[in-house]
Structure formats: C-alpha cells, structure tokens
Amino acid sequence: MTNCVATWEVALSDGVHKIEFEHGTTTGKRVVYVDGKEEIRKKWMFKLVGKETFYVGTAKTKATINIDAVSGFAYEYTLEINGESLKQYMEKRSKTTNTWVLQLDGEDFRVVLDKNTMDVWCNGKIMKTEGEFVDDGVETHFHFGNHDCYIKAVSSGKPKEGIIHTLIVDNREIPQIS
C-alpha cells in the first residue's frame, strides 16, 4: 500500500473490520481495502473528489468514503456507515448491541448481542439460540465448543436504563466491554 491516506476500524456484529484507503492525489487513483482484501481499484480519475461506496462484513453493511478538497491539494476523508458518520453510527450501535470479549481454552471469543433482532454473534458467526422464560427475565441459550452459554435479560427496574443483559459462560459472569 503506497498512498494510504486513511484507516478506520469499524465494529460490526460479525467482528471488527479494518478499512484502508489509498488516494493518488495527482492521478486520482483510489483503492479501498477491507480486512486487507482489495474491494475497489480505480486507476485514473480526473475528478479527485467524490465518493466510493462498498460493503463490509457478513451482513454487507453499506460503507462510503467521502473525499473532499480542504484547500489547494489537501483532502479530507470521512467514512459513513449506513448513511451516518462513523461516530454517529458507533454511538447508535452502542445503544443497540452488547459486546463481550473472553478467552476459553486458549482461544479468544467476541460475543455480540444485537438487541434489535436478539441475534447472538460469536467470532463473526451467528449462533443458533434458544430462548427460555425464567422467573426474573429471559435467558437466551447457546453453545460454543463444549461450553454452555446464555445471555440473561432482566429489567433494571428503571425506565431510563431498560433491560440489563448479562453473559454467563459455564456459570461464570463475563464483564461487558463498553
């Protein structure tokens, strides 16, 4: 990568994706890499500003790199995810997902609960789950390897806090990352 001008990390349900952008400011060349794989390559572009749209992750989330002239031959590069700035998208996403990172049997796991769909993702794969109503809420059960796991959803008792989700693996509570 010779003219890498911008790099972003985007956390989606299926994992954290690295987006890199090359921009040849004299030739207009544009190259987009997602997780090291080339997604877009345009060799000669007479218009040096504009947009490049592509898709990221298993769910094919729409991403757009905006190229704007700042002054002279200086450029600004911004990333949009699903039509929102990366910052807005991540703030919104933090309200609709819970994420836990843990290590089991020497292997790293990243578990994501999408609160809108109640889908559970583990290391980029959607998990087969089974819901169970219990006295104080709902438990969503799933397995990875020979480990029993569930996400417990209970009311906080406070309208502004809503429902509290807790990951339990082998009867051990796993702290959530913020």
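Computed from a prediction, not measured in an experiment: that's the story for all the values here.

(A) Spatial organisation of the packing of aromatic side chains. Enumeration according to the criterion identifies three aromatic pairs in this entry. Relative to Phe 144, the ring of Phe 142 lies with its centre 6.0 Å away and its plane at 40°, an arrangement referred to as tilted. Here Phe 142 falls in the buried class, since its relative accessible area comes to 1%. By relative accessible area, which is 6% here, Phe 144 ends up buried.

(B) Fine view of the sheet that holds strand β1 (residues 4-12). Read from one edge of the open sheet, four strands run β1-β2-β3-β4, paired in antiparallel fashion. Of all strands in the sheet, those with a lone pairing partner are β1 and β4 (37-42), marking the two edges. When strand polarity is set aside, the average angle formed by the axes of neighbouring strands in this sheet is 15°. When β1 meets strand β2 (residues 15-23), the two strands line up antiparallel, connected through eight bridges. Bridging across to β2, Thr 7 finds its partner in Glu 20.

(C) Molecular detail of the pattern of salt bridges. Taken as a whole and assessed by the stated rule, the structure comprises 10 salt bridges. Here Lys 29 makes a salt bridge to Glu 22, at a shortest N to O gap of 3.2 Å. For the pair shown, Lys 29 and Glu 22 are each scored as buried. Across the salt bridge formed by Lys 152 and Asp 136, the nearest N and O atoms sit 3.1 Å from each other. In this pair, Lys 152 sits in strand β15 (residues 147-155) while Asp 136 sits in the loop between β13 (130-134) and β14 (137-144), placing the two residues 16 residues apart along the sequence. Three or more residues joined by partner-sharing salt bridges are found here, namely Arg 30, Lys 42 and Glu 52.

Conventions and cut-offs
Per chain, residue numbering runs from 1 following the sequence as it is written. Local features are withheld for residues below a pLDDT of 70 in this predicted model, meaning they are given only at 70 or higher, and side-chain atom pairs are given and counted only at 80 or more; totals for whole chains, interfaces and linings count all residues. Note that water and hydrogens are dropped before the side-chain values are worked out from all heavy atoms of the structure. Here a pair means two rings of Phe, Tyr or Trp (six-membered ring of Trp) with centres within 6.5 Å. Their orientation is stacked below 30 degrees between planes, edge-to-face above 60, and tilted elsewhere. For every residue, the accessible area obtained with a 1.4 Å probe (protein chains only) is divided by the maximum for its type, and the residue is called buried under 20%, exposed over 50%, and partly exposed between those limits. DSSP-based pairing: two strands are paired if at least 2 bridges between them are found. We count a stretch as a helix when DSSP gives it H or I for four or more residues in a row; a strand needs E for two or more, and each element gets its number in order from the N terminus. To obtain an axis, a line is fitted to C-alpha atoms, over the contacting stretch when the element is a helix, and the angle between two such axes runs from 0 to 180 degrees between their N-to-C directions. Only one rule defines a salt bridge in this text: a Lys or Arg side-chain nitrogen within 4 Å of an Asp or Glu carboxyl oxygen.

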